[in-house]
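Analysis of the macromolecular model
What follows is each chain in one-letter form.
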Amino acid sequence: MKTTSEQSGSIDTAEKLEVPPPGPLNWDGPDDPANPYNWPTAKRWYGTIVPGLLCLLVTFSASVYVPGVYEVSARFNVSMTVALLGLSMYVIGLGLGPMLSAPLSEVFGRRIVYLVNLPISLLFTLGASQANNIQTLVMCRMFSGIFGGPALAVSGGSFVDIWELKTSGLAVSVQAIATFMGPALGPIVGGYLAESQGWRWTMYIILMFGGAMIIPVFFMEETYKPVILKRRALERGHELPPKPDPKTALKLIFTITLARPTMMLIKEPIVQAVSVYSSFAFGVLFGFFEAYPFAFTREHRFSLGETGACFAGIGVGLILGCIIYLIQDRLCYMPAARKGNGWVQPEIRLIPAMIGSFLMPIGLFWFAWTAKSSIHWISPVLAGVPFAAGLVLLFLSAIMYILEVYPPLVAASAFASLGLLRYILAMAFPLFTVQMYERLGVAWATSTFGFISIALMPIPWVFERWGPQIRARSKYDAVTDTSPL
């Protein structure tokens, strides 16, 4: 029987520890300088931060548009719900793009996907900035998301190429900050731009940010092992192994990116629970893009810029959540891994989610009942801190638990399931949030989210208690060992 870490650990890590005889498509040895694991620290962090900044750009691009929807609604004579399609269709694009581009990174490498997709995404953003009707704006936003979305999926591959994520909490936190800080920064920047310059400047700032990223991306080096080794083998004149049958390769890509993720959402309790919980939290974050303006403009008469600045509380919470994760990683996971000689019970990864399960409803109910004119505005702003900390803890816990539970290819499908549901909810929440808040009011609308978060709260605790039994019933090769041999 294989231990947990053997089944779900990184393939590259295993090869680094037990290196087969040198060959044309393998590293020359454990100290091969071409192996990203052996790169100098500065070079490894460059290969980490640049993809992280691309994630920040892509998610920032989603939310920076939101403060301009009022002007878009008035300028194009459409309802707020239709104006919000510029956000929702962009988010749909973020979910669709990786299904096509992420598999291409497995063939051509990570760097080429970044280099090709970023300029195309920016061209569609340029088209959106010049739109003279809502149809053009929405379509350009959708295609901008489709070509921007691969950065979210491929960046995860870049991180895995460079770091052993199961033992590198800081690198995982960089990915989390990059994914979630963008939505928090977008309304802050977009609020002041939309207020002073107009909605088109929420597109121009994306072009400036993205244009500045092209040069750092150009100077990135390839990190994907098969591509590095194939290029080196050709340089050395070595004969490459035969290519797989195209039908077989396409079937494998289809299985990993679409068929198996869909089936896992339907049939796999582990993926269902993890995806629903973390995706709900992500959906609420996107719902807040409309809830915050509703609350702060009506209760405190804030301007667009002042309302956007209220998202600073969420930004602080994201950073706090990552700090909490790093602390528990050092206090809980690392000692357990040392004690078990690298083996850990997968459910130890749920400790951050347990903490987050309390923080998120605290933040929601705090906001619900203090976002009123009779209470100082700083109180609902501060409510964003525990909510965002809980959000990022749930996300990190979901990622690490999946890495512990499933072998690599199955974990890739589980991540695809998580991403699919996350962006479906992120697309949907802003479309009904305004109507929900108008009918129920700030207190009860936000409390509804709070009650749902309480209903979901037992999930990490149930898995912590009965995780081994649940894993034993998995049909997708989830680890079943409960102790090292």
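Treat the numbers as computed from the prediction; the structure is a model and nothing was measured. (Residues numbered from 1 in each chain as written. Predicted model: local features only at pLDDT ≥ 70, side-chain atom pairs only at ≥ 80, totals over all residues. Heavy atoms only, no water.)

A few points about the overall build of the chain
The secondary structure content of the chain amounts to 20 helices and 0 strands. Relative to the compact-globule value of 23 Å for 485 residues, the chain shows a C-alpha radius of gyration of 23 Å, a close match. Projected onto its principal axes, the C-alpha coordinates of the chain cover approximately 70 × 50 × 40 Å. For the chain, with 485 residues in total, the buried portion stands at 56%. Taking the contacts inside the chain whose residues are at least 6 apart along the sequence as the reference set, 82% of them involve residues at least 24 apart. Carbon and sulfur atoms make up 69% of the accessible area of the chain, which amounts to about 20200 Å² in all. Averaging the coordinates of the 33 positive side-chain charges in the chain and doing the same for the 28 negative ones gives two points 4 Å apart. (Helix = DSSP H or I, 4+ residues; strand = E, 2+ residues; numbered from the N terminus. Rg over C-alpha atoms; globule rule 2.2 N^0.38 Å. Buried < 20%, exposed > 50% of the residue type's maximum accessible area, 1.4 Å probe, protein only. Contact = heavy atoms within 4.5 Å. Areas by Shrake-Rupley, 256 points an atom, 1.4 Å probe, with all protein chains shown as cover. Lys, Arg positive; Asp, Glu negative; His and termini not counted. Charge placed at Lys NZ, Arg CZ, Asp CG, Glu CD.)

Side note on the side chain of Thr370
Looking at the element boundaries, Thr370 is found in helix α17 (residues 351-370). A distance of 2.6 Å separates a polar atom in the side chain of Thr370 from the backbone oxygen of Trp366. Leave out the neighbours within four places in its chain, and Thr370 touches Ile375, Ser379 and Pro380. (Polar contact = N/O pair within 3.5 Å; in protein donor to acceptor, adjacent residues only side chain to side chain.)

Focus on the confidence of the model for the chain
Note that predicted coordinates carrying low pLDDT should not be read in detail. Here the chain averages 86 in pLDDT, while 91% of its residues score no lower than 70. Note on residues 1-23: pLDDT under 50 across the span, and 51 contacts to partners over four residues away in sequence or across chains. (pLDDT = per-residue confidence, 0-100.)

Overview of empty space enclosed by the protein
For the coordinates displayed, the defined rule picks out 3 cavities of 30 Å³ or more. Each pocket or cavity is described by its volume, and for the largest cavity that value is around 140 Å³. Residue assignment for the lining of the largest cavity shows that the elements contributing at least two residues are α3 (41-63), α7 (110-129), α8 (134-148) and α9 (150-162). No other element matches α7, which puts 7 residues into the lining of the largest cavity. Residue classes in the lining of the largest cavity are distributed as 12 nonpolar, 6 polar and no charged. A volume near 120 Å³ is recorded for the second largest cavity. Along the walls of the second largest cavity sit 13 residues, with Val274, Tyr277, Leu350, Ala353 and Ile459 positioned nearest its centre. Counting only elements with at least two residues in the lining of the second largest cavity, the list comes to α14 (269-299), α18 (378-405) and α20 (458-472). Across the lining of the second largest cavity, the residue classes tally to 11 nonpolar, 2 polar and no charged. (1 Å grid on protein atoms, 1.4 Å probe; cavity = no way out; pocket = protein on both sides within 12 Å on 5 of 7 lines; lining within 4 Å. Points joined across faces, edges and corners; volume = space filled by probe spheres on them. Nonpolar A, V, L, I, M, F, W, Y, C, P; charged D, E, K, R; others polar.)

Focus on the nonpolar core
Residues Leu137, Phe288, Ile314 and Leu318 are the most contacted members of the largest nonpolar core, which totals 98 residues. When near neighbours in sequence (up to four residues on either side) are disregarded, Leu137 contacts Tyr65, Val72, Phe76, Ala128, Ala131 and Trp199. If you look at the next biggest cluster of nonpolar residues, it comprises 18 residues, including Ala273, Val274, Val410 and Ala411. (Core = buried A, V, L, I, M, F, W, Y, C linked by side-chain atoms within 4.5 Å.)

Re the environment of Val434
For Val434, the location among the structural elements is in helix α19 (residues 408-456). Spatially, the C-alpha atom of Val434 lies 8.6 Å from that of Gly287, the residues being 147 residues apart in sequence.

With respect to the side chain of Arg110
Inspection of the secondary structure assignment puts Arg110 in helix α7. Here Arg110 is in contact with Ser105, Val154, Gly157, Ser158, Asp161, Glu222, Thr223 and Tyr224, once residues within four sequence places are set aside.

Considering the packing of aromatic side chains
According to the stated counting rule, one finds 31 aromatic pairs in the structure shown. For the pair Phe429 and Phe432, a centre-to-centre distance of 5.0 Å together with 50° between the ring planes defines the contact as tilted. On the criterion of helical spacing, the pair formed by Phe429 and Phe432 is a turn pair, its members being 3 residues apart in helix α19. If you follow Arg44 out to its NZ or CZ, it ends over the ring of Trp163, 4.1 Å from the centre. Over the ring of Tyr333 we find Arg349, and its NZ or CZ is 3.4 Å from the ring centre. (Phe/Tyr/Trp six-rings, centres within 6.5 Å; stacked < 30°, edge-to-face > 60°. Lys NZ or Arg CZ within 6 Å of the ring centre and 35° of its normal.)

A short note on the state of the cysteines
Taken as a whole and judged by the stated rule, the model has 0 disulfides. The thiol sulfur of Cys55 is not disulfide-bonded, and the nearest other cysteine sulfur, from Cys322, lies at 13 Å. Take Cys55: its relative accessible area is 1%, and that puts it in the buried class. (Disulfide = S-S within 2.5 Å.)

As for unusual backbone geometry
One non-glycine residue with positive phi stands out, namely Asn77, at about 55°. Within the element layout of this structure, Asn77 appears in the loop between α4 (69-75) and α5 (80-83). Positioned with a positive phi, Arg301 is a non-glycine residue whose angle comes to about 55°. Its location among the elements puts Arg301 in the loop between α14 and α15 (304-309).

Digging into the pattern of salt bridges
In the structure shown here, the tally under the stated rule is 10 salt bridges. We note a salt bridge from Arg232 to Asp32, for which the minimum N-O separation is 2.7 Å. Here the residue Arg232 occupies a position in helix α12 (residues 225-236), and Asp32 occupies one in the loop between α2 (11-17) and α3, the gap between them amounting to 200 residues. Neither residue differs from the other here; Arg232 and Asp32 are each classed as buried. If you follow the salt bridges from partner to partner, you end up with Asp28, Asp32, Arg232 and Arg236 in one network. (Salt bridge = Lys/Arg side-chain N within 4 Å of Asp/Glu carboxyl O.)

Re the packing of α17 against α20
Contact geometry of α17 with α20 gives a least axis separation of 8 Å together with a crossing angle of 150°. On the basis of the axis angle, α17 is roughly antiparallel to α20. In this structure, α17 meets α20 at a crossing whose hand is left-handed. Between α17 and α20, the contacting residues are Ala353, Met354, Ser357 and Phe358 on the first element and Pro460, Trp461 and Glu464 on the second. Grouping the amino acids of the contact of α17 with α20 by side-chain chemistry returns 5 nonpolar, 1 polar and 1 charged. (Axes fitted to C-alpha atoms, helices over the stretch in contact; angles between N-to-C directions. Parallel < 35°, antiparallel > 145°, perpendicular 65-115°, else oblique. Left-handed = near helix turned anticlockwise from the far one by under 90°.)

Some remarks on the environment of Val189
Residue position: Val189 is located in helix α10 (residues 169-196). Placed 10 residues apart in sequence, Val189 and Thr179 show a C-alpha to C-alpha distance of 17 Å. Those residues within four positions of Val189 in sequence are excluded, and the remaining contacts are Phe60 and Ile205.

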